[in-house]
Amino acid sequence: MLTAFLLFFPVAAALLLHFAKGNAARVLALGAALVEFAVAVFAAVSASMNMAPGNSAAAYTPFSINIPWIESAGINFHIGLDGLSLLMVLLTTFLVPLIILASFRHNYPNASAFYALILFMQTGLIGVFVSLDAFLFYFFWEVALIPIYFIAGVWGSERRIAVTFKFFLYTIIGSLFMLAAFVYLYFQTDVNNAGLTSDISAFYNLTLTASQQAWVFWLIFIAFAVKMPIFPFHTWQPDTYTESPVPATMLLSGIMLKMGIYGTLRWLLPIVPLGTSQWGKLVMILSVIGIIYGAIIAIRQRDMKRLIAYSSLSHVGLMAAGVFSLTFMGLQGAVIQMLAHGVNVVGMFFIGDIIQRRTGTRQISELGGLTKHTPLLSVCFLVLLLGTVALPLTNGFVGEFLLLAGVYQYNPWLGAVAGVTIILAAVYLLRMFQRVMLGPETSFTSTIQDLTGSELAVLVPLIVLVFWIGLFPNTFLRISEPAVLQILALVNR
Amino acid sequence: MEQTIPEVIRTVPLEYYIYFATALFAIGVTGVLTRRNAIIIFMCVELMLNAVNVLLTAFSAYRSDPNGQIFVFFIMAVAAAEVSVGLGIIVMIYRNFQNTDVNLLNRLKW
Amino acid sequence: MTSIILLSVLGIVNLFFGFLKSNKILLPAAMVILALVFGVNLIDWNADPRSYFNEMLTIDRYSVAFTGIVVLTTLLLIPFSQKYVREGQENLAEYYSLLLFSLVGAIMMVSYDNLLMLFVGIEILSVSMYVVAGSDKRNVRSNEAALKYFLMGSFATGILLFGIALVYGATGTFQLTQINAGIINPANASLQPMLYIGMLLMFIGISFKVSAAPFHYWTPDVYEGTPTFFTAFMSTVVKTAGFAGFFKLLMAAFFAAQGFWVPTIMAITVLTLLIGNVGAVAQTSIKRMLAYSSISHAGYLFIGLVAVNGKLSANAIFFYSLAYSVATVASFAVLKLVSDQRQREDYAGFNGLAKTNPLLAFVMTVAMLSLAGIPLTGGFFGKFFTFGAAIDRGYIGLVVFAVIMSMVSIYYYLRPIIAMYMQPAENETAEPIAVGSFQSAVLVLLALLTVLLGVLPGLFSEVFK
Amino acid sequence: MQETVIPAAVAPYPTLLYVLIPLLPFLGFLINGLLNKKLSGTVAGAIGSLTVLGSFGISLMLFLNFQYQYTVKLFDWITVGSMQIPFTYQIDQLSLIMLMLVTGVGFLIHVYSIGYMHHDENVGKFFAFLNLFVFSMLVLVLGANFVILFIGWEGVGLCSYLLIGFWNKETPNNNAAKKAFIINRVGDLGFLLGIFLIYLTFDSVQYAEVFQKASTMQIGTGVVTAITLLLFVGAMGKSAQLPLYTWLPDAMAGPTPVSALIHAATMVTAGIYMVLRSNVLFTLAPDTLHVVAWIGGLTALFAATIGLAQNDIKKVLAYSTVSQLGYMFLALGVMGYSTSLFHVLTHAFFKALMFLGAGSVIHAMSNEQDIRRMGGLRKALPITFLTFLIGCLAISGIPPFSGFFSKDEILEHVYQHNKILWGIGMVTAFLTAFYMFRLLFLTFFGEFRGTEEQKHHLHESPASMTLPLIILAVLAAVGGFMGAPMFVGKHYLADYLAPLFTYSQRLNPEAFAGELDHGTELMLIGLSVAAGVLGILVAYIQYVSRRVRPAEDDAHRSAPESLVYHKYYIDELYNTIFVKPVMALSNGLYRFVEQGIIDPIVNGFGRVTLGGGQLLRYVQTGYVGLYLILMVVGIVLILALNVFQF
């Protein structure tokens, strides 16, 4: 029932929001998001009590609900939380209140709709992370897309229409491929005349030939690749990140991007292990290209948001590479890096937004010397930046260390090339930090105010997480371990 | 010896009816395609319907099955309804355009 | 059967209301009639199949279900003719009656057992449509639409009839089941070419009626010229009835010759999907876009025909028709309300609608998403079941093509949404569209129904067991 | 000699004590960082210094009571399958010596900074960063596995970045800081890959386990060569060896105490520490050792030649640091492990001393760093001069100052292994003495060449600055006796460190066995002293007797002169072959690949569809006649296509 509550509470709150106006709406939304977070934490705590190390049998049972949805078709409303889902739900529920809080300084017109959409999206996101039925998964996958499209398209900046249009089309086209694959798999499930079913366990139990798996692999992969995005399916991303309002950018980069990786872990690797082993190498190469490509392009970006967008492309490439390395370290690294990246990128975008709001510009060349007037801002910025460049004892390091170790284990040369990211990340992030925060002041930055209380309220939890994940990653690694082991067992079956 | 009408019909081989009806039908189609006057086009459509009637009658007679001929009556009735509606439309067009040339009507396009 | 009689009789009664010279009573009267028919129709839901008129019509679950769709569609659509009532449109009683009569034709098309009934049903429906297409008598566009529809429609009827005649010649019967038997009967083997030509010509005739490519040319023009209210009727009721009839024809009469006609139907499907979707992309008028969209949906329904195989595909076609009808009614309803007031039917006419009329914008959005097949709406499961039925029969390539085409469709279905939500109104002082409270309620109902179909599809997906 | 490591040994003190060693400076960092502007400079300095002193105290206690090696586990950090990285300390001879060095010299420099940074508006921040550095450095030396080492490794890199760019309003400072961080990251990548390879090879990253397993391997095993080469890449970055040394001279942009602490005494020796730590692995890889020795030797010579022509007091010291680090690697390369650490220690003393002395000079000269604008300062700054002189003597290898013992020991080791490298070492020794005394003479002798205003302000530094100078001078003077068997009868340092090299010795006994005969030893000592003296003499003649003054920047120089003066154009070279291509690549990828290929392809699908739609519109002419014809064409086609079935 907890899972169902987590799933439906935001949408219920979103419906209620319709009756609230203006400030009341955002406070209500924040309250709802906090309640949701509290419940998720409760779920996590009670789960980690059940999930003793090695007790992987307890993975699904405590939180699962399985009732018929479309009975005749064997499609069930099957949701559940294992360690992996739990972490993703935690991330979502942790970030959403912060994202809502982060938007407080903006006076978005039609606020109740704005916040209702955010909460609606939360339901979609959580749905993706808890679904254990292929069509339910697809259902939420798309449901999550609709609100973000509206948030970005309605409240975005000038070029939003064309950009979000491309984003919507691109991602939905990608996911239609996945649907096609799911439908195909679904029709393979009737092995012993037990009837068709789209339950995840049935998909896991399919025995497909290598060539079937290859096709299915690509169909599903494209959906995830577009969502993550993996080079070269990424061209929607920088524009969308740049043109969207900040809450949307945060939702996209902080959570939505993880849908792709989560999907890969749950719905791609274990379902088509042969396809993965056949094509995984190519995907690895694409991912590694993406790592370097994104990082190199980020170096010369002039717009802070766009720079962070390309940085995100680079980071997600590493996560994908880690996942496709099919090593324990790579997978766990991807899990921890999903959390870390969610925290860091949300923080970075928020800081970019603060700077833009204060100075009226996002152009790196027009900024400089901010640190003199804004020590708090620079400290927060620096900490998040260090998390992103993967300095040890920050969250980014644990993830990148494990990911690179995983990739290295897969292939040392790929690992070495992927590792270049730690150099390039330093190059582009320090360049940005230097041009924005240090050096002489510019006309845009001569009068600027330091962080306010509500901004700190967003940044402090993020920073706490930066160090928490950096210092005690085992808190999270332990939660996901049984689930990841199970996935690996399925992949290597 | 007195022959029933079906028997009379059967004195001509079925193929001939088919050829005849097809030819008639084709003439109708050709008319529809080549004429520009709405009324004439419509008459050609009627010609097509009549070809069908001939065909149905012939089959009916050869199969000794009244259904075909019953169908013919329905076609006639429906055709009559179509004629009334169609002519109404053509009259309406004529009122607005003073013409019944179908090629004048191309406001709706692309 | 009761519904046919009721509609005929009450349609005539409705005509007499016209003499009252008061339009006010007409709309409620028509709605009451439709609601009554809808209720009466459902009585037979669980009844055993019954035949009428020497087994020319059969009322069974199938016919009841599709009758339900067409009556419901009309019922939900008819409130949006309120403008005619307000403006004192002359002959309104006749138009309502025409709709009621045409429903009789539609019901015959979904419950026929004999090609004669199919023909009569099609003609009742078509002739009514010729009339309503030209109902805006002083509007040359409406005139043009009527003439085009009429000329091409009667031409298609000719083709259809020639096909029927040939099939009759080859099998000696108009009864569906006997045709099927006649196809298998070795005695008719020599007549096979005639049978096949007849079959193809029949397909062509019906394809025309449901606006499948390459016989779709009339659709965009006629839809555009016809007054919006009737366009909605055409694109929902006519299409639903046409497909239900087509499906029944393939299922009951030509099933035995499946190997022969599947390639042709598949070719038509592919072409229809292609032309419908790609054609819609370049349109600037929403109405014309919806016309192409209706062509494309004919394509998706055709997939159900290709996969004809008992209950799976029948269920798919039923669900698809329902979802499609509801969404189409909603979109045309909004279009009508907007275009009546703003006097334009292009995308820009929708600009800023979300600000002035959030409800209209929301309903239109739901409708567009449903037509695009996005989850949470009925359209998604419509496509899901149809594609599923096709995959079940192994037509994977076809489904892949259809999926690609539905990707294209997202492009044009998004454009009204963008106009409504993301474009500012052309002039700042754009007035809200006047929408009656009853109309609002119907719009909400349409949106809810669409979402219901998308969230709990199980309620409607298992109609035929 | 103590026998093998005892992994199971229990820590003799409560864990908290060990936690406190790095935690105290960290607390200092937190206090100073959070209360940055609220604390006065002196209070901030006191907090910063005292916390380090506290660590020093604990370290001293551990050092004095040390009996056996042991590890202290704090908590499990990262656990993924067999990749287990506990947060564990290793307490052994090496870490203790490094602890003493870091906290001891660190404390002195903190004290010095109180005076030096007195006028700065961000003193709190400065001490916070300095404390953070000490924390990181302590983590680095305390860690019991490669990943903890890596934490400190990157941590000191960060602090280096923060402190180099401490005066961050100046773009050159920021550039220097960024350069330091990025070049260090290049090395770090090598290190990281080395760690991965270690993990894959030994299935562990814990020192004890890795070295234990390694000790059973064959010398020359390929994978170990790869590991050590990768590790050495890391060391090259951190310890500024060819070709990754360019950041260190630029790093002088930071405040002088930073240069003393980070870029002379401690951080840059982390690379040596790391090699010492993994001496077992390096012993297994003679090929790597060759590379290490040659890179070290060449760096020593190369940097020394650049040092000849530098005119910035700190730059000279910086190049000298690079050069001395080269010596240390040279020692490592010939397996003079304890010798190398010996030089680390003595170098820490005299180089920190000299940097602080330079700081004192800069302080007195109102931030003037160009030695062409100095001269004759010995009268105004007597303490600074004297201490600086001791430093110069030490680095030049003049007995009995500390540098003499360590450098001589290195050269002896090298002589045994490779005569060419020994030659290089000798030349470097000569050059070192020359440019150090060139610096000394130009700064402290002759007449004053600065402005009147500077002259007016000349003053000896406050006690907080001179006291550390004096202490360091004493250490620089006598520090060598910890490893001077000839004078004190026993090589204390080598004996103390011996247990660390047990495995190495077992693997390659010959390399350790070699003892030079007395005559050769004396000859070598004589030669190296002679080289130092000769260098001093030449400098004296040139800059005191002949009063040569270095040319101004825009003066005409001969080609070799110009080459040296411009530091062999290495920065320009790197700029051309790395920086510019990457920038160009960035622009190119963005413009031509991103916006020129990938995006157009994606948009192309849309365009094609749209174009198709437009084409279809042309069919829809509005003429019924055409529609009918097209319909009939369709009918005929359908019939025709089915003809074969009839």
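I will try to describe carefully the structure that is included in this document. Predicted model, so just to flag it, every value in this text is computed and none were measured. (Residues numbered from 1 in each chain as written. Chains lettered and ligands numbered in written order. Predicted model: local features only at pLDDT ≥ 70, side-chain atom pairs only at ≥ 80, totals over all residues. Heavy atoms only, no water.)

1. Digging into the overall build of chain D
- Secondary structure assignment for chain D yields 28 helices and two strands.
- Across the 646 residues in chain D, those meeting the buried criterion constitute 62%.
- As presented, chain D carries roughly 22500 Å² of accessible surface, and 67% of it is formed by carbon and sulfur atoms.
- Taking the average place of the 34 positive charges on the side chains of chain D and the average place of its 35 negative ones, the gap between the two points comes to 7 Å. (Helix = DSSP H or I, 4+ residues; strand = E, 2+ residues; numbered from the N terminus. Buried < 20%, exposed > 50% of the residue type's maximum accessible area, 1.4 Å probe, protein only. Areas by Shrake-Rupley, 256 points an atom, 1.4 Å probe, with all protein chains shown as cover. Lys, Arg positive; Asp, Glu negative; His and termini not counted. Charge placed at Lys NZ, Arg CZ, Asp CG, Glu CD.)

2. Side note on unusual backbone geometry
- M228 of chain A connects to P229 of chain A through a cis peptide bond whose omega is -5°.
- Mapped onto the elements of the fold, P229 of chain A is located in the loop between α9 (210-227) and α10 (236-243).
- Of note, the bond from L242 of chain D into P243 of chain D is cis; its omega dihedral lies within 30 degrees of zero at -5°.
- Along the polypeptide, P243 of chain D turns up in the loop between α8 (222-238) and α9 (247-250).
- Unlike most non-glycine residues, N110 of chain A shows phi in positive territory, near 60°.
- Relative to the assigned elements, N110 of chain A resides in the loop between α3 (83-102) and α4 (111-130).
- For N110 of chain A, a relative accessible area of 52% translates into the label exposed.
- One non-glycine residue, S64 of chain B, lies in positive phi territory at about 50°.

3. Some remarks on the arrangement of the chains
- Counting contacts across all five pairs of chains that touch, the top-ranked interface belongs to chains A and D.
- You won't find any contact between chain A and chain B; their C-alpha atoms come no closer than 25 Å. (Contact = heavy atoms within 4.5 Å.)

4. Considerations on empty space enclosed by the protein
- Inspection of every chain in the model, using the stated rule, returns nine cavities of 30 Å³ or more.
- In this model, the largest cavity occupies a volume close to 160 Å³.
- L176 and L179 of chain A together with G373, K383 and F387 of chain C are, among the 19 residues lining the largest cavity, the residues nearest its centre.
- Counting residues per element, the ones that place at least two in the lining of the largest cavity are α5 (134-143) and α7 (160-186) of chain A together with α17 (378-392) and α18 (396-422) of chain C. (1 Å grid on protein atoms, 1.4 Å probe; cavity = no way out; pocket = protein on both sides within 12 Å on 5 of 7 lines; lining within 4 Å. Points joined across faces, edges and corners; volume = space filled by probe spheres on them.)

5. Things to note about α3 of chain A
- The end-to-end C-alpha distance of α3 of chain A, which contains 20 residues, comes to 28 Å, matching closely the 28 Å that a straight helix rising 1.5 Å per residue would cover.
- For α3 of chain A, the tally of buried residues reaches 20 of 20 residues, placing the bulk of the element in the interior. (Expected span 1.5 Å × (residues − 1).)

6. A few points about the packing of aromatic side chains
- Following the criterion strictly, the structure yields 120 aromatic pairs over all chains and no others.
- Between F137 of chain A and W141 of chain A the ring centres are 5.5 Å apart and the planes differ by 40°, which places this aromatic pair in the tilted class. Taken together, the residues F137 of chain A and W141 of chain A, both in helix α5 and four residues apart, mark about one turn of the helix. For the pair F137 of chain A and W141 of chain A, a shared accessibility class is recorded, and that class is buried.
- Residues F66 of chain C and F318 of chain C carry aromatic rings whose centres are separated by 5.7 Å and whose planes lie at 85° to one another, so their mutual orientation is edge-to-face. Highlighted residues: F66 of chain C in helix α3 (residues 61-77) and F318 of chain C in helix α14 (residues 311-342), separated in sequence by 252 residues. Across the pair, exposure class does not vary: F66 of chain C and F318 of chain C are buried alike.
- Linked through ring pairs, W69, F135, Y138, F139, F140, Y186 and F187 of chain A together with F319, F380, F381, F384 and F385 of chain C together constitute an aromatic cluster.
- Directly above the ring of Y347 of chain C sits R415 of chain C, whose terminal nitrogen or CZ lies 4.1 Å from the centroid. (Phe/Tyr/Trp six-rings, centres within 6.5 Å; stacked < 30°, edge-to-face > 60°. Lys NZ or Arg CZ within 6 Å of the ring centre and 35° of its normal.)

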